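# Chain and residue survey
Listed here are the chains, written in short residue letters.
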Amino acid sequence: MNILILMIPMALLLGVGFISAFLWANSQGQFDDLETPAHRILKEDNERIGREHK
């Protein structure tokens, strides 16, 4: 039973840490544009292949 005295505050601190990290990342704009990086990778591959064949 004594382990609960240690584990519950640790779990709460870990949860608060994850929530604060998420809120910080959200306020810094980390989740603003999720589509462009994926399209950019595909576009760069197509351009590179096009240059190799010319």
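This text gives an overview of the structure that appears in the document. What you see is a predicted model; the values in this text were computed from it and never measured. (Residues numbered from 1 in each chain as written. Predicted model: local features only at pLDDT ≥ 70, side-chain atom pairs only at ≥ 80, totals over all residues. Heavy atoms only, no water.)

A separate point is the overall build of the chain. Across its full length, the chain carries two helices and zero strands. Every one of the 54 residues in the chain was classed for burial, and the buried ones make up 2%. Counting only carbon and sulfur atoms, one obtains 67% of the accessible surface of the chain, whose full area is about 5,300 Å². (Helix = DSSP H or I, 4+ residues; strand = E, 2+ residues; numbered from the N terminus. Buried < 20%, exposed > 50% of the residue type's maximum accessible area, 1.4 Å probe, protein only. Areas by Shrake-Rupley, 256 points an atom, 1.4 Å probe, with all protein chains shown as cover.)

On the surface, a cluster of nonpolar side chains totalling about 860 Å² of accessible area is made up of Met-1, Ile-3, Leu-4, Leu-6, Met-7, Ile-8, Met-10 and Leu-12. Residue placement: Met-1 occurs in the segment before helix H1 (2–27). For Met-1, a relative accessible area of 79% gives the class exposed. (Patch = residues over 30% accessible without salt bridge, like charges linked within 9 Å, V, L, I, M, F, W, Y side chains within 5 Å. Salt bridge = Lys/Arg side-chain N within 4 Å of Asp/Glu carboxyl O.)

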